[in-house]
Amino acid sequence: MRLRGRKNIRESLERQPDLVVLEPQRLKGRWHEFFGNDNPIHIECGMGKGQFISRMSGNNPHINYIGMDIYDELLRRGSEKARALWQNEKGVDKVPNLALARGNVEFLEKMFEPGELERIYLNFSDPWPKSKHGKRRLTHPRFLMKYKEALNDIGEIHFKTDSLSLFEFSLNSFSAVEYQMRNISLDLHRHGIREDLVLTEYETKFVGQGMPIYRLEAVLGEKVQQEHRRAVAEELEKQSSRGPTRNYESGDDSEEE
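Residues numbered from 1 in each chain as written. Predicted model: local features only at pLDDT ≥ 70, side-chain atom pairs only at ≥ 80, totals over all residues. Heavy atoms only, no water.

A look at the packing of aromatic side chains
Remark: the centre distance and the inter-plane angle together describe each pair of aromatic rings, the angle taken between the planes. How we decide: The criterion for an aromatic pair is that two Phe, Tyr or Trp rings (for Trp, the six-membered ring) have centres within 6.5 Å, with stacked assigned to planes under 30 degrees apart, edge-to-face to planes over 60 apart and tilted to the rest. Under the DSSP-based scheme used, a helix requires at least four consecutive residues in state H or I and a strand at least two consecutive residues in state E, with every element numbered from the N terminus. Using a 1.4 Å probe on the protein chains alone, a residue whose accessible area is under 20% of its type maximum counts as buried, one over 50% counts as exposed, and one in between counts as partly exposed. Only Lys NZ and Arg CZ are tested; either one counts as a charge over a ring when it is within 6 Å of the ring centre and within 35 degrees of the ring normal.
For the coordinates displayed, the defined rule picks out 11 aromatic pairs. Centroid distance Phe-52 to Tyr-121: 5.0 Å. Interplanar angle 65 degrees. Geometry classified as edge-to-face. Residue Phe-52 is located in helix α3 (residues 51–59), and its partner Tyr-121 is located in strand β5 (residues 117–123); the two are separated by 69 residues in the primary sequence. Residue classification places Phe-52 among the buried residues on the basis of a relative accessible area of 4%. What makes Tyr-121 buried here is its relative accessible area of 6%. Linked through ring pairs, Phe-159, Phe-167, Phe-174, Tyr-179 and Tyr-214 together constitute an aromatic cluster. When the ring centre of Trp-86 is taken as origin, the NZ or CZ atom of Lys-90, which lies over that ring, is 5.3 Å away. Above the face of the Phe-169 ring, Arg-137 is positioned so that its terminal group lies 4.6 Å from the ring centre.

Overview of the pairing of strand β4 (residues 98–102)
Under the convention used in this document: Only strands that DSSP links by at least two bridges are regarded as paired with each other. Here a crossover is taken to be right-handed if, once the strands point away from the viewer, the path from the first strand over the helix to the second is traced clockwise.
The buried count for β4 comes to four of five residues, which makes it a mostly enclosed element. In this structure, strand β1 (residues 20–21) lies alongside β4, joined through two bridges in parallel fashion. Bridge pairing in β4 places Val-21 opposite Ala-101. Pairing between strand β3 (residues 64–69) and β4: five bridges, direction parallel. Within the sheet, the bridge partner assigned to Asp-69 lies in β4 and is Arg-102. In this fold, β3 hands off to helix α4 (residues 72–90), which returns the chain to β4; that crossover is right-handed.

Focus on the pairing of strand β2 (residues 41–45)
A large share of β2 lies buried, amounting to five of its five residues. Pairing between β2 and β3: five bridges, direction parallel. For Ile-43, the partnering residue across the bridge sits in β3 and is Ile-66. For the crossover from β2 across α3 to β3, the handedness is right-handed. By the bridge criterion, three bridges tie β2 to β5 in an arrangement that is parallel. Bridge assignment links His-42 to a residue of β5, and that residue is Arg-119.

Comments concerning helix α8 (residues 222–242)
Heads up, the condition is: Working rule for helices: expected span equals 1.5 Å times residues minus one. For this quantity, the arc is that covered by the directions from the helix axis to the C-beta atoms.
End to end, α8 covers 30 Å across 21 residues, agreeing with the expected 30 Å (1.5 Å per residue, within 8%). Inspection of α8 places Val-224, Gln-225 and His-228 among the buried residues, and these make up the whole buried set. Down the axis of α8, the buried side of the element spans an arc of 100 degrees, and every buried residue falls inside it. In α8, the exposed residues that point more than 90 degrees away from the buried face are Glu-237, Ser-240 and Ser-241.

Observations concerning the packing of α3 against α4
Let me state the cut-off plainly: Axes, fitted as lines to C-alpha atoms, cover a helix only where it is in contact. Angles between the N-to-C directions of the axes lie from 0 to 180 degrees. Orientation categories follow fixed angle ranges, with anything under 35 degrees roughly parallel, anything over 145 roughly antiparallel, 65 to 115 roughly perpendicular, and all other angles oblique. The handedness criterion is simple: a crossing whose near helix is rotated anticlockwise from the far helix by less than a right angle is left-handed, and one whose near helix is rotated clockwise is right-handed. Any two residues whose heavy atoms approach within 4.5 Å are treated as being in contact. Three classes are used: nonpolar for Ala, Val, Leu, Ile, Met, Phe, Trp, Tyr, Cys and Pro, charged for Asp, Glu, Lys and Arg, and polar for all others, with Gly counted as polar.
With their axes 9 Å apart at the nearest point, α3 and α4 run at an angle of 30 degrees to one another. Classified by the angle between their axes, α3 and α4 sit roughly parallel to one another. Judged by the twist between their axes, the crossing of α3 over α4 is right-handed. Contacts between α3 and α4 pair Gln-51, Ser-54, Arg-55, Ser-57 and Gly-58 from the former with Gly-78, Lys-81, Ala-82, Leu-85, Trp-86, Glu-89 and Lys-90 from the latter. Its residues assigned to classes, the contact of α3 with α4 comprises three nonpolar, five polar and four charged.

Overview of the environment of Arg-30
Examined against the element boundaries, Arg-30 turns out to sit in the loop between β1 and α2 (31–35). Arg-30 gets classed as partly exposed once you look at its relative accessible area, which sits at 36%.

If you want it as structure tokens, here you go:
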């Protein structure tokens, strides 16, 4: 019965060549041909059940998205979720700006040419808590260098996790490879759910349980790094002109708006 179930899932995926890519290495350097346009490409590495990437594709029709996972069952669930979303909200069966790829991040360079991607999402990746498994963490420097190769000159990585230990490890990893970081949050939804961000299935669950969500954005591409450095310099200049914003002697920890 289990073998039959796996066969049925595989056959279901094979019937969806417009959405499901079972051999992504064949599209290396040709992903824009698959989408039929030159729009930027964003990828979620480890898409889970597909809630995040499906919603992102619906919200941003002028961006191409790839949801990648190694499990056929997750690809099947993701395809159902994406088609249902587009049918309910757009009235169409085809999802024009999304590909669900069966692939392993370990072999990212075999699936994408240098500079073929603009953004990588790492959402609630396996924390691999044992220190001996550190190299398996998707924010280990060896993976970060793979991402840098695949990203273009405005490339970014957006990272979210519920694991404080993984977040701390990741901060050190990004720093070690000299990636600049911005929008670092130790409790993303502290003041209420961020309506401007799309939540994953895990995130919805964890927020409901009152757990903090850790998030950061890493900028890798030369152009976006220059913009980031310019923005930081301008903010520092503004703060300097305003003078001190905290009253440390009175213990007032508020900041000026």
